[in-house]
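Secondary and tertiary structure notes
Listed below are the residues making up each chain.
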Amino acid sequence: LSLISPCFLSIMGEFGYRLERLNDPRSSVHERDIKRVLLEIYNKSGFTDTYDGTAYTTKEKNVPQINSPAFSILAETTPDKVYEQLSEEMIVEGLLPRFIIIEYHGDRPDRNLNHGFPPPPALVSKLNDLTSHCLQTMNIRRLMTIQMSLEAEEISTKYDKDCDNKIRGNKNQAVRHLWSRAHMQVLKIAGLLAVGDNYAFPQVTANNLNWAINLVSSRTYAIIRKFEKGE
């Protein structure tokens with residue numbers, strides 16, 4: 001990872017079982033190490049940040065220091081498998097608030113008969129340009145600063161204060177920790193949207209920020225309701 005690129009996406013299926021192992025108090029040292037890394041690496045993607053790596057008795061397994069690691073997980077699983085693992089302790093320790101849980105509540109859809117239909121050439125071309133730009137930027141270790149419009153800056157400041165107000169005076173530790181990372185999640189998602197709009201000169205717009213706020217807030221309230229209903 002550190003020798004090729006500090007940017008990495010891990011796609012995991014049946015993540016509920018992985019979560020079960022990470023949450024098991026009898027889990028192995030390896031699983032505890034994975035949880036520790038997931039907790040530490042979340043805020044290490046800044047331009048001046050570094051992940052200190054890991055040292056093992058076997059030198060071949062050592063992980064060297066990584067500069068600005070941008071590590072993402074895209075996971076899928078059944079809702080029941082996640083919620084049966086979900087506890088206040090998991091939230092307080094910070095693992096779950098680092099994820100955005102998107103749950104589908106609708107009925108089973110019809111089979112998509114057009115799943116093999118080729119995407120529009122314009123979309124393919126744009127994605128090709130984006131990935132080429134990303135690879136070039138990573139190879140030369142160049143920082144891409146995402147700007148923010150004045151309107152978006154005002155919305156961001158207001159949302160940050162709203163999250164603070166939901167935390168202050170709240171004795172429910174799970175709720176406090178869920179809102180403590182909501183603003184950071186909004187900034188991360190809005191930044192991705194800005195890159196998708198214009199990767200050469202990304203700027204977060206009010207629309208980007210409001211979309212991200214709606215996503216993060218709705219997901220946060222959904223988890224809080226699960227706790228309130230004893231689910």
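That block above? That's the structure.
Residues numbered from 1 in each chain as written. Predicted model: local features only at pLDDT ≥ 70, side-chain atom pairs only at ≥ 80, totals over all residues. Heavy atoms only, no water.

1. What to know about unusual backbone geometry
Generally, phi is negative for residues other than glycine and the peptide bonds are trans, each holding for most cases. The line we're drawing: To qualify as a helix, a DSSP run of H or I must reach at least 4 residues; to qualify as a strand, a run of E must reach at least 2; elements of each kind are numbered from the N terminus. Each residue gets one of three labels from its accessible area relative to the maximum for its type: buried under 20%, exposed over 50%, partly exposed in between, using a 1.4 Å probe on protein chains only.
Despite not being glycine, Glu14 has its phi angle at roughly 50°, a positive value. Its place among the elements puts Glu14 in the loop between β1 (7-12) and α1 (15-23). For Glu14, a relative accessible area of 40% corresponds to the partly exposed category. Phi is positive for Ser68, close to 50°, though the residue is something other than glycine. With respect to the helices and strands, Ser68 occurs in the loop between β3 (66-67) and β4 (70-75).

2. Describing the packing of α1 against helix α2 (residues 29-41)
To keep it simple, the criterion reads: To define axes, lines are fitted to C-alpha atoms, for helices over the stretch in contact only, and angles between the resulting N-to-C directions are given on a 0 to 180 degree scale. When describing relative orientation, an angle under 35 degrees is termed roughly parallel and one over 145 degrees roughly antiparallel, while 65 to 115 degrees is termed roughly perpendicular and anything else oblique. The contact rule is simple, with two residues in contact once any of their heavy atoms fall within 4.5 Å. Charged residues are taken to be Asp, Glu, Lys and Arg, nonpolar residues to be Ala, Val, Leu, Ile, Met, Phe, Trp, Tyr, Cys and Pro, and polar residues to be all remaining types, Gly included.
Where α1 meets α2, the closest approach of the two axes is 8 Å, and the angle between their N-to-C directions is 100°. The orientation of α1 relative to α2 falls into the category roughly perpendicular. Across from Arg18, Arg21, Leu22 and Asn23 in α1, the residues of α2 making contact are Glu31, Ile34, Lys35 and Leu38. Across the contact of α1 with α2, the residue classes tally to 3 nonpolar, 1 polar and 4 charged.

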